[in-house]
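Summary of the model geometry
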Amino acid sequence: MGRLFGTDGVRGIANKELTNDLAMQIGRAAAEILIKNKDTKPTVMIGKDTRASGDMLEAALTAGFCSVGVNVLSVGVIPTPAIAYLVGKYGCDAGVMISASHNPCEYNGIKIFQGNGYKLPDETEKEIEAIILDHSEEIEMKLGGEVGKRTYCKTAVEDYIEHVVSVADVRFDGLNIAIDTANGSASVCAKEIFTRLGAKCHMLSDTPDGVNINKNCGSTHPEELMQFVKANKLDLGLAFDGDADRMLAVDENGNLIDGDRIIAICATQMKQEGKLNNDTVVVTVMSNLGFFKFCEENEIKCAKTAVGDRYVLERMLKKGYNIGGEQSGHVIFLDHATTGDGELSGVKLIETVIKSGATLGELAGVMTVYPQVLINVEVTAEGKKKYNNDEYIISAVQEAEMELHGDGRVLVRVSGTEPLVRVMLEGKDIEKITALGNDIADVVRERLS
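One structure accompanies this document, and this report is about it. From a predicted model like this one, the values you see are computed outputs, not experimental measurements.

What counts as what
- Residues numbered from 1 in each chain as written.
- Predicted model: local features only at pLDDT ≥ 70, side-chain atom pairs only at ≥ 80, totals over all residues.
- Heavy atoms only, no water.
- Helix = DSSP H or I, 4+ residues; strand = E, 2+ residues; numbered from the N terminus.
- Rg over C-alpha atoms; globule rule 2.2 N^0.38 Å.
- Contact = heavy atoms within 4.5 Å.
- Areas by Shrake-Rupley, 256 points an atom, 1.4 Å probe, with all protein chains shown as cover.
- Lys, Arg positive; Asp, Glu negative; His and termini not counted.
- Charge placed at Lys NZ, Arg CZ, Asp CG, Glu CD.
- Expected span 1.5 Å × (residues − 1).
- Buried < 20%, exposed > 50% of the residue type's maximum accessible area, 1.4 Å probe, protein only.
- Axes fitted to C-alpha atoms, helices over the stretch in contact; angles between N-to-C directions.
- Parallel < 35°, antiparallel > 145°, perpendicular 65-115°, else oblique.
- Left-handed = near helix turned anticlockwise from the far one by under 90°.
- Nonpolar A, V, L, I, M, F, W, Y, C, P; charged D, E, K, R; others polar.
- Core = buried A, V, L, I, M, F, W, Y, C linked by side-chain atoms within 4.5 Å.
- Phe/Tyr/Trp six-rings, centres within 6.5 Å; stacked < 30°, edge-to-face > 60°.
- Salt bridge = Lys/Arg side-chain N within 4 Å of Asp/Glu carboxyl O.
- Pairing = 2+ DSSP bridges.

Take the overall build of the protein chain next. Check the secondary structure of the protein chain and you find 15 helices and 19 strands. Relative to the 2.2 N^0.38 estimate, which gives 22 Å for 449 residues, the radius of gyration of the protein chain is 22 Å and therefore close to what a compact globule would have. Counting only C-alpha atoms and orienting by the principal axes, one finds that the protein chain spans roughly 70 × 60 × 40 Å. Residue pairs in contact within the protein chain that sit at least 24 positions apart in sequence constitute 71% of those at least 6 positions apart. Per element, the accessible surface of the protein chain, about 18,500 Å² overall, is 47% carbon and sulfur. Measuring between centres, the 47 positive side-chain charges of the protein chain sit 2 Å from its 67 negative side-chain charges.

In this section: helix H4 (residues 122–134). The end-to-end C-alpha separation of H4 is 17 Å, in line with the 18 Å expected for 13 residues at 1.5 Å each. Listed as buried for H4 are Thr124, Glu125, Ile128, Glu129, Ala130, Ile131 and Ile132. Elements in contact with the buried residues of H4: strand E1 (5–6), helix H1 (20–34), strand E6 (107–114) and helix H10 (309–319). Two residues or fewer past H4, His135 is found with a positive phi of approximately 55 degrees.

Right, let's talk about the packing of H1 against helix H2 (residues 54–67) for a bit. Running from N to C, H1 and H2 cross one another at 40 degrees; their axes reach a closest spacing of 7 Å. On the basis of the axis angle, H1 is oblique to H2. The chirality of how H1 crosses H2 is right-handed. On the side of H1, the interface is formed by Asn20, Ala23, Met24, Ile26, Gly27, Arg28, Ala30 and Ala31, while H2 contributes Met56, Leu57, Ala60, Leu61, Ala63, Gly64, Phe65 and Ser67. The residue inventory of the contact of H1 with H2, partitioned by class, reads eleven nonpolar, four polar and one charged.

Given a rise of 1.5 Å per residue, twelve residues ought to cover 16 Å, and the 17 Å separating the end C-alpha atoms of helix H5 (residues 156–167) matches this to within 8%. Along H5, the positions that sit buried rather than exposed are Ala156, Asp159, Tyr160, Ile161, His163, Val164, Val165 and Val167.

For the rest of this paragraph, the subject is the nonpolar core. Counting 67 residues, the largest nonpolar core has Ile177, Ile193, Phe194, Val281, Phe291 and Ile323 as the members making the most contacts within it. Excluding anything up to four places from it in sequence, Ile177 contacts Phe194, Ala199, Lys200, Cys201, His202, Leu234, Leu236 and Ile350. Grouped together as the second largest cluster of nonpolar side chains are 32 residues, Leu4, Ala31, Ala60 and Ala94 included.

Our focus in this paragraph is the packing of aromatic side chains. As enumerated under the stated definition, the model contains two aromatic pairs in all. Ring geometry for Phe291 against Phe292: centres 6.1 Å apart, planes inclined by 85 degrees, an arrangement best described as edge-to-face. Phe291 gets classed as buried once you look at its relative accessible area, which sits at 0%. Seen in terms of ring centroids, Phe291 and Phe294 are 5.6 Å apart; in terms of plane orientation they differ by 50 degrees. Their pairing is tilted. With Phe291 and Phe294 both in helix H9 (residues 289–297), this residue pair falls three residues apart, about one helical turn.

With that settled, the discussion passes to the pattern of salt bridges. Within this structure, the stated rule accounts for 23 salt bridges. In this structure, Asp245 and Lys111 form a salt bridge, with 3.3 Å as the shortest nitrogen-oxygen distance. Residue Asp245 is located in the loop between strand E10 (236–240) and strand E11 (247–250), and its partner Lys111 is located in strand E6; the two are separated by 134 residues in the primary sequence. Of the two residues, Asp245 and Lys111, neither departs from the other in class, the shared state being buried. Here Asp122 ties to Arg310 by a salt bridge, and the two come within 2.9 Å at their closest N and O atoms. Here Asp122 is found in helix H4, whereas its partner Arg310 is found in helix H10, with 188 residues between them in sequence. Connected through shared salt-bridge partners, Asp169, Glu273, Lys275, Lys348, Glu351 and Lys355 make up one network.

Let us look at the pairing of E10. Along any regular strand the residues' side chains alternate between the sheet's two faces. With five of its five residues buried, E10 lies for the most part within the structure. Side-chain alternation along E10 places Leu236, Leu238 and Phe240 on one buried face and Gly237 and Ala239 on a second face that is also buried. Alignment of strand E8 (residues 176–180) against E10, held across four bridges, turns out to be parallel. Paired with Asp180 across the two strands is Ala239, which belongs to E10. Across four bridges, the pairing between E10 and E11 is antiparallel. Bridging from a neighbouring strand, Ala239 pairs with Leu248 of E11. The hairpin formed by E10 and E11 contains six residues between the paired strands, and Ala244 there has a positive phi angle of roughly 65 degrees.

Structurally, the position occupied by Lys48 is in strand E3 (residues 43–48). For Lys48, a relative accessible area of 12% corresponds to the buried category.

Pairing is mixed in the open sheet, where four strands are placed in the order E14-E13-E15-E16. Where the open sheet ends on each side, the last strands, each with one partner, are strand E14 (301–305) and strand E16 (331–333). Going from strand to strand, the sheet's axes swing by 20 degrees on average, the running direction of each strand aside. Each of strand E13 (280–284), strand E15 (323–325) and E16 is contacted by helix H8 (residues 259–272), which is oriented at about 175 degrees to E15, the strand it contacts most.

Now for the sheet that holds E1. The mixed open sheet is built from seven strands, whose spatial order is E1-E2-E6-E5-E3-E4-E7. The outermost strands of the open sheet, each flanked by one partner alone, are E1 and strand E7 (150–152). Inspection of the sheet shows strand E2 (residues 9–13) paired to E6 by four bridges, in the antiparallel sense. Bridge pairing links Val10 to Ile110 in E6.

Pasting the structure below:
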């Protein structure tokens, strides 16, 4: 797997790349870095999504933590943002989420949160990697009564539900919505959250069986939700990914509303209410050109970061901004959460719809989306390493940029979580950017696959 941490924790095929042994080592190393020199026995919270491999990896992580004298509080199936919230509420020293987010069921991952609810900074991840891969520190195994214990928590889901419900300023009475939980973590709480707020909920893909997570459903495959909302004349739909830290919406006409538009809609309302800190939003370089045009037209400043919600959050914390996110549906409302939270984002979006008196489709018109082509090219692990220095790929990108004459853009990057190089082009002419994108993808495939 090379170095362990990508843009969102450690991720790989469970029992092949992400093994039990590695999970145990991560538990021990994380404890050594995060909880050293504590006077009392520390406690780590562990949650998971609905993947079949979750139980196996939880057992390995628990063994790792307990072997070095750390207690484990197991909260079961729960959204990733619930771990970020509850780790502070319950006074835990750290939190771990076992999930591969939007990836297929054979993948799994380990995301680690500090006791304050924030993800680990790059430097801390490197320290953990150094212990595991380079044996930079020797870890002391505990004996007898110094070994950690595991306990089970039955209140976690309810406490998280109450938190998300409390964020809403208005009731959702009379609203008729559809919710797609991707057969993942949101299946344990999404219906209850939106029902308590007064909405009538129609549930899709909310019967997880361990292998159907993200399978032709959720935010990565919202087609069924789009058809369902339109066919049943509902007010809107919400689609979550496997661990419910991202959300995409569907308007009353069955049109998909991505993260860029969700941020644009909510930021507009926040600015009108005087709640948009420094009149600024934070997005990544992958945001649509139309989003940057929206910002210009609405006198909203826009800060751009590298791809990854962690980098969005870093900028928000550093500058005091309170909304940011990614086109993929990771949206951070920093006044209410320390990480992207799909269900909380859904609450804030519906709140904006109700306050405005408009439909979601009408609100989405605040931003014009430029045509975009995204091609995922599967490459080898060695190919990912070679990408940045391949002169043929660099030349292909430069030629495409010249062809667009400034009326569009090209962005090619290596995925931080999958064996892919992502080729993205935007511009007014869909046929042109499609052709240029395929040309670049062919070069990437030839050079790196």
